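# Residue-level structure breakdown
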Amino acid sequence: MPDAFLAHLTDTLAGIEADGLMKRERAIAGPQGAHIDVGGRQVLNLCANNYLGLADDPRLVDAACRAMQDHGFGMASVRFICGTQDLHRALEERLAQFLGMDDSILFAACFDANGGLFEPLLGPEDAIVSDALNHASIIDGIRLCKARRFRYANSDMDDLEARLREARDGGARHVMIATDGVFSMDGYLARLPEIRALADRYDAILMVDDCHATGFMGPKGAGAPAHFGVRADILTGTLGKALGGALGGYIAGPQPVVDLLRQRARPYLFSNALPPAITAAGLAALDIVEAGDDLRTRLFDNTAHWRQGLEAAGFDLLPGEHPIVPVMTHDARLAQEMAAALDAEGVYVAGFFFPVVPKGQARIRTQMNAALTREDLDRGLEAFASAGRKVGVLS
Ligand SMILES: Cc1ncc(COP(=O)(O)O)c(C=O)c1O
């Protein structure tokens, strides 16, 4: 490899370090959960996407072990060659039923689902109108598609309407609106009733990425559209958050959409099938999600208690109802200092700053889950107050 190339990479890394933007990974020994072992210390974990606390649930572990025993370890094939097991179709049908769609199709991750969604469905005669804060995988998926691209300011309905009009005035054949159901940096819900109304007015298809809502938002946990009582035409989602937290993504929608994706979606056609353990655990997660509201109730009780406690301590929070509760420091270095001070208190969180969020909007993004106890939360609140005073986030 040419020295000049490696020198260029080393310079880039030095720049990331100098800007204070280097992300460092801390290894967890043992399972994901409310309490994790990091570097030999038990710490309270307040930043996982483990909304329902299922990541170490014995029922999922058991389903995964049993599937490995009776279905083997790996598929060694894409789906259409020899990689489809009964478990794959069972999970696809079950997800579709749960989400109120005709059918669904599994991917290795929702990143792949979003990456593979647009290109087979839309061509140069079509248009995609996308929220500016959509997840990176939607942005990448749209880039891979030949449809004309329009971007509207986050949740700005006037801007969305202006872009829809522009797309229609430009003669677009089909128009698709693409939005996250929940914007993950802020925990803000997309304005789905208004977006649906605009989609209907402009005869557009509504695609919602519901990664941060499926399993816990809305009646029976059916997601953000269900929360608002509106219909999405196409849903994408993940098994990597509330539904067990392992990996795997899906697209759910009308039968012709799913059928065409099975023929044409490149990350589906050219990538390995999900392993049996993951697929079976996905079914077990849906069993739990559909059995009752107890985990969802605990999750939202925890969210309310956590939010109230932080507000009472004087922290600056973004408003909302979602289990993502961002604690604003605004300054990037302050976010890092706050995360370090919390680490010293035995609380595991992560600072988020530019380029993940806009400059001046640095934060500690806390996330609630159903596995946290009231005692955990009160300990977390004490740690936040102490760390906040230490680094000057609280006066
Ligand atoms: C909104 C959104 N979409 C897609 C993804 C990707 O999901 P996965 O981890 O299944 O690839 C994520 C995960 O970070 C997400 O937050």
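Computed from a predicted structure; not experimentally measured. (Residues numbered from 1 in each chain as written. Predicted model: local features only at pLDDT ≥ 70, side-chain atom pairs only at ≥ 80, totals over all residues. Heavy atoms only, no water.)

### Looking at unusual backbone geometry
The linkage connecting F354 with the following residue, P355, adopts the cis geometry, with an omega of 10°. Along the chain, P355 turns up in the loop between β15 (351–352) and β16 (362–367). One non-glycine residue, A76, lies in the positive phi region at around 50°. Backbone geometry places S155, a non-glycine residue, at a positive phi of 55°. Note on placement: S155 falls in the loop between β6 (148–152) and α7 (157–169). When its relative accessible area of 14% is taken as the criterion, S155 is described as buried. (Helix = DSSP H or I, 4+ residues; strand = E, 2+ residues; numbered from the N terminus. Buried < 20%, exposed > 50% of the residue type's maximum accessible area, 1.4 Å probe, protein only.)

### As for the site of the ligand
What surrounds the ligand is the set A109, C110, F111, N114, H135, S137, D180, D209, C211, H212, T238 and K241. Between the ligand and D209 there is a distance of 2.5 Å, counted from a nitrogen atom to a side-chain nitrogen or oxygen. With respect to the ligand, the side chain of K241 contributes an N or O atom lying 3.0 Å from an oxygen atom. When the ligand is considered free in solution it has 390 Å² of accessible area, and contact with the protein chains removes 81% of it. Ranked by residue count, the leading element in the shell around the ligand is helix α5 (residues 110–121), at 3 residues. Looking at the shell around the ligand residue by residue, the class counts come to 4 nonpolar, 5 polar and 3 charged. (Near = heavy atom within 4 Å. Polar contact = N/O pair within 3.5 Å; in protein donor to acceptor, adjacent residues only side chain to side chain. Areas by Shrake-Rupley, 256 points an atom, 1.4 Å probe, with all protein chains shown as cover. Nonpolar A, V, L, I, M, F, W, Y, C, P; charged D, E, K, R; others polar.)

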